Amino acid sequence: MPANSDTSDLRRTMRLPVTPRGEIIDGDRTYKAIIQDVSDFGLLLVCSKEFTTGEILKLRLHLSPSAIVDCEIEVRHSNDLGTGVKIVSMDDLNRRAYERYLQEYFSQQLGKMG
């Protein structure tokens, strides 16, 4: 994932509709979230709490029973419709699990089309 990209690049990447769950961790508080879509650069989450643009938080994604991914995110926008976040930090193990999930999901979607 590129560390520095302008927002026009972010909108051009493929977005995959998903429904896994996650937790946004803000210090000692944890908020449940539903992931609406994912891309190489970030995610769109639905959460009961609105966050402040620019906030740096932790995110734990439960992509499948065997795939839990931890990363650091930056809030790009947050309102009553959802919270858009950019992944700003992820270790190699979590990055590989996230990329594997995206590849598997994309392959499944292509299989449904053909």
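For every chain, the first residue of its written sequence is number 1, and the numbers climb from 1 along that sequence. Side-chain atom pairs in this predicted model are given and counted only at pLDDT of 80 or more, local residue features only at pLDDT of at least 70, and totals for whole chains, interfaces and linings cover all residues. Side-chain numbers here rest on the full set of heavy atoms in the structure, without hydrogens or water.

### Description of the overall build of the protein
Assigned secondary structure in the protein consists of two helices and seven strands. Only DSSP runs of H or I covering at least 4 residues are called helices, and only runs of E covering at least 2 are called strands; the numbering of each starts at the N terminus. Secondary structure elements of the protein occur, N-terminal to C-terminal, as α-β-β-β-β-β-β-β-α. Residue exposure (1.4 Å probe, protein chains only): buried if accessible area is under 20% of the type maximum, exposed if over 50%, otherwise partly exposed. Counting the 114 residues in the protein, one finds 39% classified as buried. Sequence-distant contacts, at least 24 apart, represent 45% of the contacts inside the protein between residues at least 6 apart. Just so you have it, the protein exposes about 6,900 Å², and 49% of that area is on carbon and sulfur atoms. Contacts are assigned to residue pairs that have any heavy atoms within 4.5 Å of one another. Residue-level accessible areas treat just the shown protein chains as cover; the underlying method is Shrake-Rupley with a 1.4 Å probe.

### Let's talk about the side chain of asparagine 94
The residue asparagine 94 is located in helix α2 (residues 92–113) in this model. Not counting chain neighbours up to four residues away, the residues in contact with asparagine 94 comprise Ile68, Val69 and Asp70.

### Remarks on the packing of aromatic side chains
Aromatic rings from Phe, Tyr and Trp, with only the six-membered ring used for Trp, were paired whenever their centres fell within 6.5 Å, and each pair was classed as stacked if the ring planes differed by under 30 degrees, edge-to-face if by over 60, and tilted otherwise. The final tally for this structure, using the stated rule, is one aromatic pair. For the pair tyrosine 31 and phenylalanine 51, a centre-to-centre distance of 5.7 Å together with 80° between the ring planes defines the contact as edge-to-face. Taken together, the residues span a long stretch of sequence, with tyrosine 31 in strand β3 (residues 29–38) and phenylalanine 51 in the loop between β4 (42–47) and β5 (56–64) at a distance of 20 residues. For tyrosine 31, a relative accessible area of 13% corresponds to the buried category.

### Regarding the environment of leucine 61
For leucine 61, the position within the fold is in strand β5. Considered as a pair, leucine 61 and tyrosine 98 are 37 residues apart in the sequence and their alpha carbons are 9.0 Å apart. Excluding residues within four positions of it along the chain, leucine 61 makes contact with Arg21, Gly22, Ile35, Leu43, Ala67, Ile68, Val69 and Tyr98.

### Section: the pattern of salt bridges
Whenever Lys or Arg places a side-chain nitrogen within 4 Å of a carboxyl oxygen from Asp or Glu, that contact is recorded as a salt bridge. Taken as a whole and assessed by the stated rule, the structure comprises four salt bridges. A salt bridge links arginine 21 to glutamate 23; the shortest N-O distance between them is 3.5 Å. Taking relative accessible area as the criterion, glutamate 23 reaches 10% and is therefore assigned buried. A salt bridge links lysine 58 to glutamate 72; the nearest nitrogen and oxygen atoms lie 3.5 Å apart.

### A look at the pairing of β3
For two strands to pair, DSSP has to find at least two bridges joining them. As judged from the six bridges shared by strand β2 (residues 21–26) and β3, these two strands associate in the antiparallel manner. The partner of aspartate 26 across the bridge, within β3, is arginine 29. The hairpin turn running from β2 into β3, its antiparallel successor, is two residues long, and glycine 27 in that turn takes a positive phi close to 65°. Sheet topology note: the β3/β4 ladder contains five bridges and is antiparallel. Opposite isoleucine 35, over in β4, you have leucine 45 as the bridge partner.

Any functional reading would require information beyond the geometric quantities listed.
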